[in-house]
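Structural overview for review
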Amino acid sequence: MRALPPLALAFHGVAEVPLRRDPQGLFVGPAELRRHVRRLREWGYRLVTFGELASLASGGRAAGHAALTFDDGLVDNLETLVPLLRDEEAPATVFVVSGWLGEAHPDAPWTRIVTRDELRELGGAVEIGAHSTRHDDLSTFSYRDARADLEACREALEDVAGPVETAAYPFGRASDETIRACRDAGFTAACRVSGEGSWDDPHNLPRQDMLNRSTAVGLRLKRADLYEPLMRFPPARAARRASRLLKALAR
Ligand SMILES: [Zn+2]
C-alpha cells in the first residue's frame, strides 16, 4: 500500500504581506495558498478538517490525509480564505482566540480578529476550534487554570458558532498538565506546532508551520520518497519525510 504521511499545516492570515511588515511570517498569499492546496491534491492527499484528521488518526487511518488550519481568527480568513476554499472545494479549520474578537492582532496591528457576527459567518464555512481566551502560554498555567481557560474559550465560541470540539495550544505550547486539562475540558483533539507532538495522542497532535515565504528555499522533493510505504519508516524518518514534503510544497 502506498501512503503519504498525515499532515496538519498551521497558517494564520491569508493576505499578500511583505516580509518586512510580517517579521513573524504570519501571512500566506492567496495565490501561494491555492498552489499549496492544488499541490497537496496532486500528490494524492485528501483534504479534511482538523477534527476529521484527528478522528482518522485515532483509528490509525490518517495517512494520505491533510488538514489546513489557521490560528487566531483573523478577518482575512472570512474575507479571503473562505471564498478560496469554496473555489477549491477544500475544508479547513480556524482556531479562534475568544477574548480577541474584534480586536487588532498584536503582531499584525493593521488587521484584526473577526467580530462575533463575522465569527458566526466563518463558522458556517469552516470548522471552528478553540485557541484560548487571551492567547496565553497555557503550559505555564496550572491544570485548573488551563482547563478553565479552555472551557471559557469553548463556551464563548459555541455561543456564537455552534459546537467546538478541537483546540490548538497558543504558541503550540503544552505541558502534560495542559494536555490533560484540554482532554478533561471535553475537547476531542488538540494540536501543537513546529512538528512537536505525536500522531498517537489525539490531544498532542503535531502541525507543521507554514510561515510567510520561509520555506521557499528548500530541498527538492524526491518523488520516490513520496510513494514509499509509510509503515516501513520509524517515526523520525516519517517526520523527516513530512518536512521534505513541506519544503517541496513551497517550491
Ligand atoms: Zn496563535
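This is a predicted model, so every value here is computed, not measured.

Here we take up the overall build of the chain. Secondary structure summary: the chain contains eight helices and 12 strands in total. Relative to its full complement of 251 residues, the chain shows a buried share of 54%. Of the roughly 11200 Å² of accessible surface on the chain, a fraction of 49% belongs to carbon and sulfur atoms.

Take the side chain of Asp-137 next. Tracing the chain through its elements places Asp-137 in the loop between strand E9 (127–130) and helix H5 (143–161). A polar atom in the side chain of Asp-137 sits 2.6 Å from the side chain of Ser-139. In terms of polar contacts, Asp-137 uses its side chain to reach the side chain of Arg-173, at 3.1 Å. Leaving out residues up to four positions away in the same chain, Asp-137 has contacts with Phe-171 and Arg-173.

Now for the confidence of the model for the chain. Chain-level pLDDT for the chain is 89 on average; 87% of the residues reach the 70-or-more range. Across residues 214–234, where pLDDT falls below 50, the model places 37 contacts with residues more than four positions away in sequence or in other chains.

Further remarks concern the packing of helix H3 (residues 76–88) against helix H4 (residues 116–123). Angle between the axes and distance between the axes are the two parameters that describe a pair of packed helices. With their axes 10 Å apart at the nearest point, H3 and H4 run at an angle of 20 degrees to one another. Taken as axis vectors, H3 and H4 run roughly parallel relative to one another. The interaxial crossing formed by H3 with H4 has left-handed handedness. Facing H3, whose interface residues are Asn-77, Leu-78 and Val-82, H4 presents Glu-118, Glu-121 and Leu-122.

Moving on to helix H2 (residues 50–58). For H2, every residue scored as buried is listed here: Phe-50, Gly-51, Leu-53, Ala-54, Leu-56 and Ala-57. In the stretch just after H2, Gly-60 is the one whose phi turns positive, near 70 degrees.

In total, this model carries 13 salt bridges according to the counting rule given. For Asp-71, the salt bridge identified is with Arg-207, shortest N-O distance 2.7 Å. Pair noted here: Asp-71 is in strand E5 (residues 65–72) and Arg-207 is in the loop between strand E11 (189–191) and strand E12 (208–209), with a separation of 136 residues, a long-range link. Residues Arg-192 and Glu-196 are paired through a salt bridge, measuring 3.6 Å at the closest nitrogen-oxygen approach. One continuous salt-bridge network, built from bridges that share partners, spans Arg-34, Arg-38, Asp-87 and Glu-88.

What counts, and where the lines are drawn
Residues numbered from 1 in each chain as written. Predicted model: local features only at pLDDT ≥ 70, side-chain atom pairs only at ≥ 80, totals over all residues. Heavy atoms only, no water. Helix = DSSP H or I, 4+ residues; strand = E, 2+ residues; numbered from the N terminus. Buried < 20%, exposed > 50% of the residue type's maximum accessible area, 1.4 Å probe, protein only. Areas by Shrake-Rupley, 256 points an atom, 1.4 Å probe, with all protein chains shown as cover. Polar contact = N/O pair within 3.5 Å; in protein donor to acceptor, adjacent residues only side chain to side chain. Contact = heavy atoms within 4.5 Å. pLDDT = per-residue confidence, 0-100. Axes fitted to C-alpha atoms, helices over the stretch in contact; angles between N-to-C directions. Parallel < 35°, antiparallel > 145°, perpendicular 65-115°, else oblique. Left-handed = near helix turned anticlockwise from the far one by under 90°. Salt bridge = Lys/Arg side-chain N within 4 Å of Asp/Glu carboxyl O.

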